[in-house]
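Chain and residue survey
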Amino acid sequence: MYEPLPSSPHPLTFRQGRTLTHFHGFYDHGRALPSLAKADSEPVLWISPADAAARGVIDGAAIRIHNERGAFEARAQVTDKIPAGTVWMRDGWRGVNDLTSGAPSIPDEAGDLFPFTTGQSAYDARVEVSPL
């Protein structure tokens, strides 16, 4: 059963998703389709201008995403396409799941609305972001 995330000293909600250059076979880190790997060559974290400014993060900078479970390095993409308080990146990068708890990010009942789904594909985490 879904339970809301507990309070955390890490203020940002970490979300993951897919991009046009991503597909299930990408978990081989681009070896099967190098042209797609070239288009999406490194982990990029979307962060709002307000959250980036509060942390001294500039667009294109190397960053560290971290919490009590671990840390992950990426490049910042400062964008107003993400709301303050939330950060987002394409899933599938080796090591990114070290940040997540494995707790569902949506209630089980929401997944039940879609007969073709088999469960969660992304998991919640609370994180902090800092420049490298």
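Structure shown above.
What counts, and at which threshold
Residues numbered from 1 in each chain as written. Predicted model: local features only at pLDDT ≥ 70, side-chain atom pairs only at ≥ 80, totals over all residues. Heavy atoms only, no water. Pairing = 2+ DSSP bridges. Helix = DSSP H or I, 4+ residues; strand = E, 2+ residues; numbered from the N terminus. Salt bridge = Lys/Arg side-chain N within 4 Å of Asp/Glu carboxyl O. Core = buried A, V, L, I, M, F, W, Y, C linked by side-chain atoms within 4.5 Å. Buried < 20%, exposed > 50% of the residue type's maximum accessible area, 1.4 Å probe, protein only. Contact = heavy atoms within 4.5 Å. Polar contact = N/O pair within 3.5 Å; in protein donor to acceptor, adjacent residues only side chain to side chain. Phe/Tyr/Trp six-rings, centres within 6.5 Å; stacked < 30°, edge-to-face > 60°.

A few points about the pairing of strand β3 (residues 62-67)
Pairing analysis gives 6 bridges linking β3 to strand β4 (residues 70-78), with the strands arranged antiparallel. Each bridged residue has a counterpart across the sheet, and for R64 the counterpart in β4 is E73. Bridge analysis of β3 against strand β6 (residues 125-131) gives 4 bridges, and the strand direction is antiparallel. When the bridges of β6 are listed, R64 appears paired with S130.

A look at the pattern of salt bridges
According to the stated counting rule, one finds 4 salt bridges in the structure shown. Salt-bridge contacts for E42 lead to R75; the nearest nitrogen and oxygen are separated by 2.9 Å. Of the two residues, E42 is situated in the loop between α1 (34-39) and β2 (44-47) and R75 in strand β4; the sequence distance between them amounts to 33 residues. For R55, the salt bridge goes to E128, with nearest N and O atoms at 2.4 Å. With R55 in helix α2 (residues 49-55) and E128 in strand β6, this pair connects stretches of sequence that are 73 residues apart.

Details of the nonpolar core
In this structure, I65, M89 and V129 are the most contacted members of the largest nonpolar core, which totals 19 residues. Secondary structure elements with two or more residues in this core: β1 (12-17), β2, β3, β4, β5 (86-90) and β6.

Quick look at the environment of S48
Counting through the fold element by element, S48 comes out in the loop between β2 and α2. Judged by its relative accessible area of 3%, S48 falls in the buried class. With 37 residues separating them in the primary sequence, S48 and G85 have C-alpha atoms 7.9 Å apart. Apart from residues no more than four positions distant in its own chain, S48 is found in contact with V78, T79, I82, P83 and A84. Here the side chain of S48 touches D51 through a polar contact of 3.1 Å, landing on its backbone nitrogen.

Digging into the packing of aromatic side chains
With the rule as written, the count across this model stands at 1 aromatic pair. Seen from their ring centres, W46 and W88 are 4.9 Å apart, and the 55° between their planes marks the pair as tilted. Remark: W88 occurs in strand β5 and W46 occurs in strand β2; sequence separation between them is 42 residues. Classification of W88 by relative accessible area gives buried; the value is 17%.

Examining the side chain of T13
With respect to the secondary-structure elements, T13 resides in strand β1. The buried category is assigned to T13, whose relative accessible area is 13%. Within polar-contact distance, the side chain of T13 engages the side chain of R126 at 2.9 Å. In contact with T13, other than residues within four places in its own chain, are G85, T86, V87, A125 and R126.

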